Structures are given as C-alpha cells and as structure tokens.
Amino acid sequence: MSDGTKYNKDSLTCAHKRYPLGTMLKVTNIRNGKSVVVRVSDRCGSRRIIDLSYAAAKEIGIVSSGVGMVRVEKFN
C-alpha cells in the first residue's frame, strides 16, 4: 500500500483520493447509520472517493452490496 504496509483485510483501513496518509476518518453508511473509524493507508482510483478494507465494509454493512453511499468525516 502507499504507506508501506501490507494489506490486511481484517484491518480498519481505507484508500482515499485526497486525505493524507495516516489520517483517521469516520465513515458512516447512509442507509443504516452504522459508522467505523479507519486509517487512510492508500490512494484509490478515479471512480470512487473512498475504498474500505473488508473489515471496515463489514462493520458498516456494505459487504454484500459491494458499494454504498457513505458520509466521510475527518476523525480527531
């Protein structure tokens, strides 16, 4: 990954276009209100704003659909 770590599907990480590597983000699934805090560890492609690890996607309930509408906020 861009930050030098090896990808682990069980880690609460994400890829994001603009936030600096290491930034903590709160990601909320708009449909069910579930949230997860993830660390930006990579950059994502041009089609999506954020790409969650498997564990993060599972935590907020978007694994089965593969994609979902989320709100992304910087977490302090």
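Structure shown above.
Numbering of residues starts from 1 in every chain and runs along the sequence as written. For this predicted model, a pLDDT threshold of at least 70 governs which residues receive local features, and a threshold of 80 or more governs which side-chain atom pairs are given and counted, while totals over whole chains, interfaces and linings are taken from all residues. The basis for every side-chain value is the complete set of heavy atoms in the structure, and neither hydrogens nor water enter the calculation.

Draft legend 1. Examining the packing of aromatic side chains more closely. Between rings of Phe, Tyr and Trp, where Trp is taken as its six-membered ring, a pair exists when centres lie within 6.5 Å; planes separated by under 30 degrees are stacked, by over 60 edge-to-face, and by other angles tilted. The tally for this structure, following the rule as stated, stands at zero aromatic pairs. Its end group placed over the ring of Tyr54, Lys9 keeps NZ or CZ at 5.1 Å from the ring centre. Here, a charge over a ring means that NZ of Lys or CZ of Arg falls within 6 Å of the ring centre while also lying within 35 degrees of the ring normal.

Draft legend 2. Structural view of the pattern of salt bridges. Salt bridge, as applied in this entry: a Lys or Arg side-chain nitrogen positioned within 4 Å of an Asp or Glu carboxyl oxygen. According to the stated counting rule, one finds one salt bridge in the structure shown. For Arg71, the salt bridge is made with Glu73, and the minimal N-O distance between the two is 3.9 Å. With a 1.4 Å probe rolled over the protein chains alone, any residue whose accessible area is under 20% of its type maximum counts as buried; one over 50% counts as exposed, and the rest are partly exposed. According to the relative accessible area criterion, Arg71 is partly exposed, its value standing at 43%. Overall, Glu73 belongs to the partly exposed group, its relative accessible area being 33%.

Draft legend 3. Structural context of the sheet that holds strand S1 (residues 13–16). Overall, mixed pairing links the five strands, which are arranged S4-S1-S3-S2-S5 in an open sheet. Edge positions in the sheet fall to strand S4 (50–52) and strand S5 (70–74), since each has one partner strand and no second. Mean inter-strand twist for the sheet, computed between neighbouring axes without regard to direction, equals 40°. Only strands joined by at least two bridges in the DSSP assignment are considered to pair. Numbering of helices and strands runs from the N terminus; a helix is a DSSP stretch of H or I covering at least four residues, while a strand is a stretch of E covering at least two. With three bridges joining them, S1 and strand S3 (residues 35–42) adopt parallel strand pairing. Across the sheet, residue Thr13 finds its bridge partner in S3, namely Arg39. Fitted lines through C-alpha atoms give the axes, limited to the stretch in contact for helices. The angle between two N-to-C directions lies from 0 to 180 degrees.

Draft legend 4. Highlighting the side chain of Asn29. With respect to the element layout, Asn29 can be found in strand S2 (residues 24–29). On the basis of relative accessible area, Asn29 is assigned to the buried category, the value being 4%. Within the structure, the side chain of Asn29 is placed 2.8 Å from the backbone oxygen of Ile60, a separation counted as a polar contact. Apart from residues no more than four positions distant in its own chain, Asn29 is found in contact with Lys34, Ile60, Gly61, Ile62, Met69 and Val70. By the criterion applied in these results, polar contacts are pairs of N or O atoms within 3.5 Å in which, for protein atoms, one can donate a hydrogen and the other can accept it, and in which residues neighboring in sequence qualify only through two side-chain atoms. Pairs of residues are marked as contacts when any of their non-hydrogen atoms sit within 4.5 Å.

Everything listed is a geometric property; what it means functionally is a separate question.
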